[in-house]
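Given next are the chains, with one letter for each unit.
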Amino acid sequence: MTIVSRRHALGVLAAGAVLACTGAAQAQQPIKIGSFLSITGGASFLGDPEAKTLRLYADRINKAGGVLGRKLEIIIYDSAGDAKQAVTFARRLIEEDEVDMIVGGSTTGETMAVVPLVTEAEIPFISLAGANVIVEPVKKWVFKMPHSDRMAVEKSYQDMKKRGLTNVAIIGGSGGFDQSCRKEGHALAGKYGLKVVADETYAPTDSDMSPQLTKIKNTPGVQVIFGCGFGAPTSITARNWKQLGMTNIPFYFNHGVASQQFIDGAGGGAEGIRIPVPALLVAEQLPAGDPQREVSLAYIKAFKEAYNLPPSGFGGHAYDGLHIALDAIKRANSTDKAKVRDAIESTKRFIGADGIYNMTPQDHMGLSLDSFKMVEVRNNTWKLIE
Amino acid sequence: MAEFLQFLFSGLTVGAIYALVGLGFSIIYNASHVINFAQGEFVMLGGMGTVSLMLAGLPMYVAIPLAVCLVVAVGLLLEKFAVEPARNAGVITLIIITIGASILIRGVVEVALGKDFHRLPSFTGETPIIIGGAALQPQGLWVIGALVIVVAALRWFFEHTRLGKAILATSYNPLAAQLVGIDVRTILLVSFGLSAALGALAGILTAPITLTKYDIGIMLGLKGFAAAILGGLGSSYGAVAGGLALGMIEAMSAGYISSAYKDAVAFVIILGVLFFMPSGLFGTRRTERV
Amino acid sequence: MQRPGGSLQSGFSAKDIGAAGAARGVAWLLTARHGGILALVALLLALPLFLPNNFYYDIAIKTALNAIVCVGLNLLIGYAGQISLGHAGFFALGAYASAILTSHYRWPGLLAMAAGALGVALVAFLVARPILRLRGHYLAMATLGLGIIISIVINREIPLTGGPDGMSVPALRIWDWRLTGAVTWYWISAGALVLAVWVSLNLVESPVGRALRALHGSEIAAETAGIEISRYKVLVFVVSAVFASIAGSLFAHAERFVTPVEAGFLRSIEFVTMVVLGGMASTFGALVGATILTVLPQVLTAFHDYKHVVLGAIMIGVMIFMPRGLVPTLMSLWRRRAP
């Protein structure tokens, strides 16, 4: 009968896979790092460069002899920004592919969905997503690479305070990252002497933010705007800001827009906007003594050679994630999951593309506010401010 | 007042985009009673196609007509290889086929042209035109102007050319049209080609405003479909009215009610209209033969 | 020679009666209702032998739950001939009802599931009458709009639903048992699936089912024959919504996490595609469709970047060459071969 034959085929496939695995076990076991990334979908500008970075460096490392004398194998699945897919693939990586650890999760939503799974399976997980909630409260098996949304807000608010601005309007999308950033925006205002006077939302597929910006423009006393989000809508927002003649109101954006795409997409509208970015994006402008300069420049060069594309700040997360993972494996001198986890937790002064990492049992992110650089968009490129 | 005008301009611009997409749905539906869920992809292909041609070095005034031709070719291929073989299948089957086609087209663009978003430069610059304290972007005028021209051109086409009249005849009664010698299959091809051209045009005109990416077709297609339904299937004017209405509702909801719920408001209103006017605002009331 | 009064007349031996009895037994088995369900049960019992680890069990669970939704949706699309492009909304409502009631308000799991199903039934009942007055593409749009509205509300009501990032769901507790683990949930989902299929098959062969098929054939003719079409349309809409809701609740407890993506337009399309691909007006077709489209994405990872191209091509190809869906087409091919 049709149903039986179809499921029978699945069984045969499964049996074949098991046989193949036992065959492979004969050779020296490679170090397996699994990854699920948003290569397609709304967050593809995160996942795509991350995947490219992982593949690029896996190649390079293997050519240089591997790690601990073993080859490195990276298994990447496309979760397309969907938390449910992320869970399915994470499960596949853990149960089926039997990876030693996971470096992935381009978005906060996908990362949080996977947390119960990795905790139960007791496998180290380095997330490449932004929101604070990933490491706060701290979770034993979960680490995080990028600067958090909280830090982006703090860095921006710090700068606003320096310029004597107090009334801030928040505008952002409806996605998880945007919401998290918005929440931090409200929570931290008082700390920097700021007051939130407006809060507008747009949908991820919107093509015109003039209504929202008009409301902000007409809010009495508004002095500065803070934008949360990433992707095409942020470019549109910037362009609308300029078109509505609002450039007299300073505009800050969170680090979700830290890519050349944001500037290009805004058609001149990004001019004058300030953003906290990872050092990677302004590597050439860093002073000669800055330890991050060398690492960032090397990454930019390698990425350009391999893909003929300008580097993306988000690819830097993957670079850091992979190298910290391998560094931990080297220090633990094994791929035993508990040992590697301990080694990650004790990472000290690791110089990455995003910043310098110092992890502790209470801090599973490891970056401080000064590895974030405040830049302003000038002449369609980033200009380091501090 | 300035605030209201701003919302109005925003609504008109976005509404004109929806209207153009909805027109594409309407034309194909009229000729064949097929809802082409891949219509949104024609819009995407117009924008992405132009961007890639320009990245390959062609100047904009060459890239645009070339891109339109390419999209028309895609539309013809779609009709020939996906829709025609399933001519007599049910509504649901055709829905699945056109959705499958939209996934396929998206997949090809995703692989061939990448996942980044791109922008086309505005045709006449970025400086907005200030009217009554509200800013209207010049590209928005292009879109609205194009809509007006397209509607007028289509009207002339359908009422004064043989081909146009043949298409109309097919939409009223395919069997009768065949009996008077109209080749229904050709009519179908032409209507797909025409819708593809319209979609491509919409995509090119709006890429400076909305930015273009391999997956913008999904939401645009959905809103265009909603516009066509709101206005009433079977009426091209209806699609235009539906599109403009939808754009206005969205802008006004965002401005006066809640920017977070504006899409929900729009759909609630559409549902409301459908409950009282089951054939949409201007739709032809269907008579069912027993 | 047949004479009224029974078969124990001259001309019929015990062997003939035995053979007749056996033939009737085989016929009983071969009807979809009995033979099909038995085959399904046998398959579900045997499947674990082929599932090497939790990942496969998880796929099986998802397949079973998708299949439950599809079986219900098939009643609406295949038998009653209506369209729904918003059924993922009902699925999500059931999932979130379970999630919210057990997580925020500490209700027992089964009660939450029942409440969810009841709530969904109510919603479906309220919108069914006005929506089902619409036909064809207008109906498609209305159901689409409904699904999108549900999806937007779930996305925005962050304090309640956790917003776009979703929320975690406590394990299902029945009396003292805490039901977790892929294997446990496999058996729960399999059991629910068998139940759903049984209900569906019985419905189809009951007077209600006959009314539905009459409705599908021609609404006006059915009405002329005395069938209250709107009553039956509403009934099947509500039933299919409840199926989806229960599947959603089970999903929430099995996966321990729900996100608004479950309510999305793309998910609704997935469900419709599963029903159409497998075969409309065929309960087992719905099962086949659900299986293929749940397993396919896992197989397609081998294609990396080309997976959407392949998926779209498959959808178009199957619909063109087998417009009635896989199971009916294959079954008619099989029947044609038989002498």
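### Some words on the overall build of chain C
Right, so step 1: Of the regular secondary structure elements, chain C holds 15 helices and four strands.
Right, so step 2: By the compact-globule yardstick of 20 Å for 339 residues, chain C fits well, its C-alpha radius of gyration being 22 Å.
Right, so step 3: Counting only C-alpha atoms and orienting by the principal axes, one finds that chain C spans roughly 80 × 50 × 45 Å.
Right, so step 4: Per-residue burial over chain C gives 56% buried out of 339 residues.
Right, so step 5: Nonlocal contacts in chain C, meaning residues at least 24 apart in sequence, comprise 77% of its contacts between residues at least 6 apart.
Right, so step 6: Accessible area for chain C stands at about 14500 Å²; split by element, carbon and sulfur atoms hold 68% of it.
Right, so step 7: Here chain C contributes 23 positive and 13 negative side-chain charges, whose respective centroids are spaced 9 Å apart.

### Thoughts on the side chain of Arg274(A)
Residue and element names in this part refer to chain A.
Right, so step 1: The residue Arg274 is located in strand β10 (residues 274–278) in this model.
Right, so step 2: Within the structure, the side chain of Arg274 is placed 2.7 Å from the side chain of Glu376, a separation counted as a polar contact.
Right, so step 3: When near neighbours in sequence (up to four residues on either side) are disregarded, Arg274 contacts Asp159, Arg163, Phe251, Tyr252, Phe253, Met374, Val375, Glu376 and Ile385.

### Topic: the interface of chain A and chain B
Right, so step 1: Each partner contributes to the interface: chain A provides 33 residues, whereas chain B provides 29 residues.
Right, so step 2: Buried surface at the junction of chain A and chain B, summed over both partners, amounts to about 2600 Å²; 51% is from carbon and sulfur atoms.
Right, so step 3: When the buried surface of chain A facing chain B is broken down by residue, Arg239(A), Gln243(A) and Gln261(A) rank first, second and third, together holding 22% of it.
Right, so step 4: Where chain A touches chain B, the interface holds one salt bridge.
Right, so step 5: A salt bridge links Asp206(A) to Lys262(B), with the nearest nitrogen and oxygen atoms 2.6 Å apart.
Right, so step 6: For the pair chain A and chain B, the interface holds nine residue pairs in polar contact (both at pLDDT 80 or more).
Right, so step 7: Among the elements that make up the side of chain A that touches chain B, the one with the highest residue count is helix α8 (residues 232–243) of chain A (six residues).
Right, so step 8: Residues that form the side of chain A that touches chain B fall into these classes: eight nonpolar, 18 polar and seven charged.

### Things to note about the sheet that holds strand β5 (residues 142–144) of chain A
Residue and element names in this part refer to chain A.
Right, so step 1: The strand order across the open sheet formed by five strands is β2-β1-β3-β4-β5, and the pairing between neighbours is parallel. Unpaired on one side and paired on the other, β2 (72–78) and β5 mark the two borders of the sheet. For this sheet, the mean inter-axis angle between neighbouring strands, taken without regard to orientation, is 20°.
Right, so step 2: Here strand β1 (residues 31–37) runs beside β2; their pairing, made up of seven bridges, is parallel. Each residue of the ladder has a partner; that of Leu37, found in β2, is Asp78.
Right, so step 3: Helix-sheet contacts for helix α2 (residues 44–63) involve β1, β2 and β3 (101–104), and the interaxial angle to β2 is about 165°.
Right, so step 4: This element, helix α11 (residues 313–332), spans β1, β2, β3 and β4 (125–127) of the sheet and lies at about 160° to β3.

### Concerning the state of the cysteines
Residue and element names in this part refer to chain A.
Right, so step 1: According to the stated counting rule, one finds one disulfide over all chains in the structure shown.
Right, so step 2: Here Cys181 is linked by a disulfide to Cys228, with a sulfur-sulfur distance of 2.0 Å. The chirality of the disulfide connecting Cys181 with Cys228 is left-handed, given an S-S dihedral of about -70°. Of this pair, Cys181 sits in helix α6 (residues 176–188) while Cys228 sits in strand β8 (residues 224–228); the two residues are 47 residues apart in sequence, bridging distant segments of the chain.

### Section: the side chain of Glu84(B)
Right, so step 1: Looking at where Glu84(B) falls in the secondary structure, it is placed in the loop between α3 (60–83) and α4 (91–113).
Right, so step 2: Once you skip the residues sitting within four places of it in the chain, Glu84(B) turns out to touch Glu79(B) and Arg185(B).

### Some points on the confidence of the model for chain C
Right, so step 1: Mean pLDDT over chain C: 85, with 93% of residues reaching 70 or higher.
Right, so step 2: With pTM at 0.84, the complex prediction returns an ipTM value of 0.84.

### Structural notes on helix α15 (residues 326–337) of chain C
Residue and element names in this part refer to chain C.
Right, so step 1: A rise of 1.5 Å per residue sets the reference length of α15, with its twelve residues, at 16 Å; its end C-alpha atoms lie 17 Å apart and thus fit the reference within 8%.
Right, so step 2: If you check which residues of α15 are buried, you get Leu326, Val327, Pro328, Thr329 and Ser332.
Right, so step 3: On its buried face, α15 sits against α12 (265–278) and α13 (283–300).

### Remarks on unusual backbone geometry
Right, so step 1: A cis geometry characterises the amide bond from Glu136(A) onward to Pro137(A), with omega recorded as 5°.
Right, so step 2: Among the secondary structure elements, Pro137(A) is positioned in the loop between β4 and β5.
Right, so step 3: Even without being a glycine, Ala80(A) presents a positive backbone phi close to 55°.
Right, so step 4: Mapped onto the elements of the fold, Ala80(A) is located in the loop between β2 and α3 (83–96).
Right, so step 5: Classification of Ala80(A) by relative accessible area gives partly exposed; the value is 28%.
Right, so step 6: Positive phi is not limited to glycine here, since Arg106(C) has a value of about 55°.
Right, so step 7: On the secondary structure map, Arg106(C) appears in the loop between α4 (87–103) and α5 (109–132).

### A short note on the packing of α4(C) against helix α11 (residues 229–255) of chain C
Residue and element names in this part refer to chain C.
Right, so step 1: Viewed as axis vectors pointing N to C, α4 and α11 meet at an angle of 45°, and their least axial separation amounts to 7 Å. Classed by the angle they form, the pair α4 and α11 counts as oblique. α11 is crossed by α4, and the crossing has right-handed handedness. In this structure, α4 uses His87, Phe90, Phe91, Gly94, Ala95, Ser98 and Thr102 to contact α11, whose residues at the interface are Phe237, Ser240, Ala241, Ala244, Ser245, Ala247, Gly248, Ser249, Phe251, Ala252 and His253.
Right, so step 2: Residue composition of the contact of α4 with α11, grouped by class: nine nonpolar, nine polar and no charged.

### As for the pairing of β2(A)
Right, so step 1: With six of its seven residues buried, β2(A) lies for the most part within the structure.
Right, so step 2: Read from β1(A) through α2(A) to β2(A), the crossover connection turns out right-handed.

### Focus: the pattern of salt bridges
All names here are of chain A.
Right, so step 1: Here the structure, examined in full by the defined rule, presents 32 salt bridges over all chains.
Right, so step 2: The residue Asp199 makes a salt bridge to Arg182 at a minimum N-O spacing of 2.8 Å. Separated by 17 residues along the polypeptide, Asp199 in strand β7 (residues 195–201) and Arg182 in helix α6 bring together distant segments of the chain.
Right, so step 3: For Arg182, a relative accessible area of 7% puts it in the buried group.
Right, so step 4: Where Lys373 meets Asp290, a salt bridge forms, and the shortest distance between an N and an O atom there is 3.7 Å. Within this pair, whereas Lys373 is found in strand β13 (residues 372–378), its partner Asp290 is found in the loop between β10 and α10 (291–307), the two being separated by 83 residues in sequence.
Right, so step 5: Overall, the relative accessible area of 9% leaves Lys373 in the buried class.
Right, so step 6: Classification of Asp290 by relative accessible area gives buried; the value is 17%.

### Quick notes on the interface of chain C and chain B
Right, so step 1: Counting residues at the interface gives 40 residues for chain C, matched by 47 residues for chain B.
Right, so step 2: Summed over both sides, the interface of chain C with chain B buries roughly 4000 Å², with 80% coming from carbon and sulfur.
Right, so step 3: Where chain C touches chain B, the interface holds zero salt bridges.
Right, so step 4: In this structure, the connection of chain C to chain B is made through three residue pairs in polar contact (both at pLDDT 80 or more).
Right, so step 5: Counting residues per element, the ones that place at least two in the side of chain C that touches chain B are α5, α6 (136–156), α12 and α14 (307–321) of chain C.

### Some thoughts on the nonpolar core
In globular proteins that are soluble, nonpolar side chains generally tend to be buried together.
Right, so step 1: Met141(C) and Val197(C) are the most contacted members of the largest nonpolar core, which has 194 residues in total.
Right, so step 2: Considering every element that reaches this core, the biggest residue donor is helix α3 (residues 54–79) of chain C, with 18 residues.
Right, so step 3: Sequence-distant contacts of Met141(C), that is, excluding residues within four places in its chain, are made with Phe225(B), Ala226(B), Ile229(B), Phe267(B), Ile270(B) and Leu274(B).

### So, the environment of Thr381(A)
Right, so step 1: Tracing the sequence through the fold places Thr381(A) in strand β14 (residues 381–384).
Right, so step 2: In sequence terms Thr381(A) and Ile263(A) are 118 residues apart; their C-alpha atoms lie 7.4 Å from each other.

Definitions and limits used
Residues numbered from 1 in each chain as written. Chains lettered and ligands numbered in written order. Predicted model: local features only at pLDDT ≥ 70, side-chain atom pairs only at ≥ 80, totals over all residues. Heavy atoms only, no water. Helix = DSSP H or I, 4+ residues; strand = E, 2+ residues; numbered from the N terminus. Rg over C-alpha atoms; globule rule 2.2 N^0.38 Å. Buried < 20%, exposed > 50% of the residue type's maximum accessible area, 1.4 Å probe, protein only. Contact = heavy atoms within 4.5 Å. Areas by Shrake-Rupley, 256 points an atom, 1.4 Å probe, with all protein chains shown as cover. Lys, Arg positive; Asp, Glu negative; His and termini not counted. Charge placed at Lys NZ, Arg CZ, Asp CG, Glu CD. Polar contact = N/O pair within 3.5 Å; in protein donor to acceptor, adjacent residues only side chain to side chain. Buried area = accessible area lost by both parts, 1.4 Å probe. Salt bridge = Lys/Arg side-chain N within 4 Å of Asp/Glu carboxyl O. Nonpolar A, V, L, I, M, F, W, Y, C, P; charged D, E, K, R; others polar. Pairing = 2+ DSSP bridges. Axes fitted to C-alpha atoms, helices over the stretch in contact; angles between N-to-C directions. Disulfide = S-S within 2.5 Å. pLDDT = per-residue confidence, 0-100. Expected span 1.5 Å × (residues − 1). Parallel < 35°, antiparallel > 145°, perpendicular 65-115°, else oblique. Left-handed = near helix turned anticlockwise from the far one by under 90°. Right-handed = clockwise from strand over helix to strand, strands pointing away. Core = buried A, V, L, I, M, F, W, Y, C linked by side-chain atoms within 4.5 Å.

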